[in-house]
Amino acid sequence: MLKEGIFLGKRYEILERIGSGGMADVYKGKDHKLNRFVAVKVLKSDYRSDKVFIQKFLSEAQAAAGLMHPNVVNVYDVGQDRGLYYMVMELVEGITLKDYIEKKGRLSAKETISIAIQMVTGIQAAHNQHIIHRDIKPQNIIISNDGKVKVTDFGIARATTSTSTISTNVMGSVHYTSPEQARGGIVDEKSDIYSAGITIYEMVTGHVPYDGDSTVTVALKHLQDDFPRPSDEVKNIPRSLENIILKCVQKSTARRYQNCQELITDLKRAMVNIDADASKAGRKPAGATATVVMSEEEIDRLQKRRRRRERPEEEEYNNRKSHDDEDDGYDIGDDYTGNGRRNDRKSGDRKDDTSQDTRKVMKILMIVAAVIIAFAVLFMVGKAFGLFKSVPSITQENETGQAIVPNLLGMTEEQAQEALNKRGLGYVVVGREPSDHYKKGQIMEQKTKADTKVDKNTEIQVIVSTGEEIKNVIVPDVVGESEERAQKLLADKELVVEAESQYDSNIEAGKVISTDPPAGTEVQEGTTVKMIVSLGAEKVKIPNIVGMTAAQAEAELAALGLIGQATEEYSDKEAGTVISQKKKSGNKVDTGTVIEYTVSKGPEIQMVAVPTLTNKSREAAEQALTALGFSIGAVTEEHNSYVTPGKVISQSVAPGTEMPAGTAIDFVVSLGPDMGDEKNPDSGGDSGTNIPEE
C-alpha cells in the first residue's frame with residue numbers, strides 16, 4: 001500500500017486508497033500538472049516481478065486508453081516509476097451498480113432501462129474500437145453522483161476480432177459469464193451482450209439467475225439450465241423488458257442481439273412504451289434478424305422530443321444557422337460569376353464602381369511615372385555637366401576595389417564564408433571559445449565590425465562558438481530529503497536525475513537513501529545522478545503461529561522482524577500452546593509490526609470450599625464430598641472413646657478451605673472405644689478429641 005503524499009511520475013500525488021481489486025490497488029490522486037483529481041490504479045507488489053501480469057496490466061491500459069466516451073471511465077495516462085506500474089484514470093465519485101442494487105433490493109423497470117441504455121452505450125463504444133470487455137457485471141458499472149452510468153475496469157479486455165478465443169484462465173466472474181466463455185469457445189460482442197442481460201436481470205430481481213457451491217456448478221448452469229423468467233418472481237415486470245432480457249441471454253449467439261445498437265433500440269422503445277413487446281425473444285428461428293424496430297415516425301418523434309429537452313440552445317442555433325445560410329445565397333467562392341457580375345448586386349452598379357476606381361488608380365500611376373521620368377532626365381543632365389562627381393556609387397566602389405563587411409554574428413561557418421565570398425572578402429577563424437549566447441558552430445565575434453568598408457580580398461577574422469561552457473558543480477546532499485525536493489535541488493545544479501526505489505527499514509518511504517555519485521563529488525553539469533528513494537520497510541507475510549508453543553511463536557516472529565505480544569486465557573488446549581492470533585496469517589505488514597497472540601493456560605480450575613465432615617457417617621461424608629466435586633481420598637478407621645462408631649473423627653483439609661474441584665480429601669472414621677484399653681480418661685491418656693454429636 002502506497003503512503004499518502006508519494007508522487008508518481010513527478011506529477012501524480014497519492015492522496016488515499018479508495019479500492020482494491022485482484023491485480024491492483026486504486027488510489028485517489030491529484031494531477032499537479034493539470035490541477036485535477038484522478039484515480040490511480042497501481043499494480044500490486046505481488047505481481048510486479050511477474051512479466052505476464054505486467055503485460056496484462058499494460059494491455060488493460062492500452063485497450064482502455066483508446067476509449068473516450070461519456071459512458072466509459074476514461075484512461076488518461078500509464079507509466080512506471082520506481083518499480084511501480086500505474087494507470088491514471090478519470091475519478092468518478094459515486095457507487096457501483098452492485099452496491100446500488102444491494103441498497104435498494106431491486107430496481108423499477110424504468111430505472112433499470114435508463115441504467116441499461118447508458119451501460120450498453122458504453123459497451124457499444126468499446127465494441128466500436130474492436131474491444132471486447134469480457135467482464136461485464138454490476139461491480140464494473142459505476143453510477144456517478146450526478147446519475148451518469150460508466151463502464152469501468154477493462155481488466156481482461158483486449159483489442160480483438162470476432163474470431164479471437166479466450167482461454168479458461170481468462171474468464172470473467174462466473175455468475176455473469178456467457179456459455180461460450182464457460183466452455184472456452186469464441187468470444188465476441190455477443191458475449192458482452194449476454195453478460196449485460198444477466199446484469200439487467202439482477203437489477204429487476206435483486207439477484208443473479210444462477211448460483212451454486214462452486215464456479216464449475218454455476219458455469220454448467222449457464223451451459224445447460226433453462227433461464228428463469230423474471231416474471232416468475234417479479235409479477236409486474238413489463239413484458240417488453242422481460243423479452244429484452246430473455247433475448248440477451250439466449251444460449252445460442254445467433255438468437256441474441258447481434259450488436260449493441262439493436263439492444264439500445266429495443267431498450268429505448270421499451271422506455272417510450274413500457275408495456276410494448278420490444279423484443280420477440282425466443283420466438284424467431286436461429287439466425288433470424290431478431291429485433292422489432294420502431295417505426296420511422298416513432299423514432300423521429302422520440303428524437304425531436306429528446307432534442308427539445310436536452311439541447312434547446314443547440315437546436316435554436318442550428319435553426320438560426322440554417323435560416324441564415326438560406327438567406328445568404330452565396331459564399332466567398334461564389335462572389336462573382338463567370339461574366340464578372342456579383343450574384344446579389346446589379347451589374348450596372350458594379351460597372352460604375354469599377355470605372356471610378358480604375359480612373360483613380362490610372363491617374364496616380366501616371367503622376368508617379370512622370371515624376372520618375374523627370375528625376376531620370378535631371379540625373380542624366382547633371383551627370384553630363386559634372387554636377388554629381390562627389391556622389392559615390394556602386395560602380396565607383398567596384399572601380400576602387402572595396403567592399404562593405406557584412407554582419408556575420410549568429411551565422412554558421414559555411415554561411416559566413418559564403419556571405420564574405422559574395423563580396424570578394426576572405427575568411428579566417430582565429431579562435432574558438434565557449435558562449436552562453438551562441439550555439440556551437442556559430443560566429444560569436446568578428447574582428448572587423450559590420451558595415452565597415454575594406455579592400456577586397458581582405459581576410460575577416462572571426463571567433464567561433466564552442467557552445468555553452470561546461471561547468472563543474474558539487475553534488476548536493478539530498479539524503480533524507482523528499483523525492484520531490486531532492487529532484488529540485490539536483491536539477492538546480494543542472495544535473496540529470498535518474499530515480500530508483502528500494503526497501504529500507506531505516507528510511508521513511510519517499511525519502512532519499514543515497515545518490516551516486518555521492519554528495520560532495522565534483523562533476524560536470526549535465527551529469528546523470530542516480531538517486532535511490534526508499535519504499536519504506538519491506539513488508540513480510542505474517543506466519544501462522546496457532547498450535548505452536550509460546551517459545552516457538554516468539555522465535556518464528558523474531559526471525560521475520562516482527563514483535564510478539566502474548567496474553568493468556570483458560571482453554572481446553574494444553575497450557576503454553578498458542579490458541580489464536582489477532583492479525584491474520586498471510587497478510588503483509590511492515591517489519592517491526594506487533595503481532596498479538598493468545599496462549600492457553602489450560603482448563604480453568606474451579607475452587608470449592610471443603611465441607612465439614614466430622615461427626616458425619618462415612619456415607620454422608622462421601623456424599624458431601626462428591627456433591628461438591630471433590631474426590632474421596634484415603635479413608636482410615638481408628639478407635640475413639642468419644643466419637644460414635646461409624647462417625648468421622650477428623651479430615652485432611654480443614655472445613656471452609658478453598659480447594660480445586662477434584663481434590664482428594666482424606667478422613668478418619670471412628671471404631672468406638674478400644675475394649676482392651678485400661679487407661680483412665682482422666683489420667684491424661686490419648687483418648688482423642690471430644691467432638692459433640694450433631
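Right above here is the structure, for reference.
Residues numbered from 1 in each chain as written. Predicted model: local features only at pLDDT ≥ 70, side-chain atom pairs only at ≥ 80, totals over all residues. Heavy atoms only, no water.

1. Quick word on a negative patch on the surface
A cluster of acidic residues, D436, E468, E469 and E494, forms a negative patch on the protein surface. Checked against the element boundaries, E494 lands in the loop between α14 (483-492) and β18 (496-502). (Patch = residues over 30% accessible without salt bridge, like charges linked within 9 Å, V, L, I, M, F, W, Y side chains within 5 Å. Areas by Shrake-Rupley, 256 points an atom, 1.4 Å probe, with all protein chains shown as cover. Salt bridge = Lys/Arg side-chain N within 4 Å of Asp/Glu carboxyl O. Lys, Arg positive; Asp, Glu negative; His and termini not counted. Charge placed at Lys NZ, Arg CZ, Asp CG, Glu CD. Helix = DSSP H or I, 4+ residues; strand = E, 2+ residues; numbered from the N terminus.)

2. Topic: the pattern of salt bridges
For the structure shown, the criterion picks out 20 salt bridges. The residue R432 makes a salt bridge to E413 at a minimum N-O spacing of 3.0 Å. Separated by 19 residues along the polypeptide, R432 in strand β13 (residues 426-433) and E413 in helix α13 (residues 413-422) bring together distant segments of the chain. Overall, the relative accessible area of 49% leaves R432 in the partly exposed class. Overlapping salt bridges bring together R11, D31 and R36 as one network. (Buried < 20%, exposed > 50% of the residue type's maximum accessible area, 1.4 Å probe, protein only.)

3. Description of the packing of aromatic side chains
Summed over all chains, the structure comprises three aromatic pairs. Here the aromatic rings of Y12 and Y86 are separated by 6.1 Å at their centres, their planes lie at 65°, and the arrangement is edge-to-face. Taken together, the residues Y12 in strand β2 (residues 12-20) and Y86 in strand β6 (residues 84-90) connect sequence positions 74 residues apart. For Y86, a relative accessible area of 5% corresponds to the buried category. An aromatic cluster of at least three residues, connected via ring pairs, comprises Y201, Y210 and F227. In this arrangement the basic side chain of K28 is found over the ring face of F37, its NZ or CZ atom lying 4.8 Å from the centre. (Phe/Tyr/Trp six-rings, centres within 6.5 Å; stacked < 30°, edge-to-face > 60°. Lys NZ or Arg CZ within 6 Å of the ring centre and 35° of its normal.)

4. Observations concerning the packing of helix α2 (residues 97-104) against helix α5 (residues 189-205)
Contact pair α2 / α5: the axes reach a minimum separation of 9 Å and the direction vectors enclose 25°. Accordingly, the angle class assigned to the pair α2 and α5 is roughly parallel. Between α2 and α5, the residues in contact are L97, K98 and I101 and T199, E202 and M203, respectively. The class makeup of the residues in the contact of α2 with α5 is three nonpolar, one polar and two charged. (Axes fitted to C-alpha atoms, helices over the stretch in contact; angles between N-to-C directions. Parallel < 35°, antiparallel > 145°, perpendicular 65-115°, else oblique. Contact = heavy atoms within 4.5 Å. Nonpolar A, V, L, I, M, F, W, Y, C, P; charged D, E, K, R; others polar.)

5. Things to note about the environment of V38
Among the structural elements, V38 can be located in strand β4 (residues 36-43). The class for V38 is buried, based on a relative accessible area of 1%. Note: C-alpha distance between V38 and V88 (50 residues apart in sequence) is 6.6 Å. Leave out the neighbours within four places in its chain, and V38 touches Y12, Y27, K28, G29, K30, D31, Y76, V88, M89 and L91.

These figures capture arrangement, not role.
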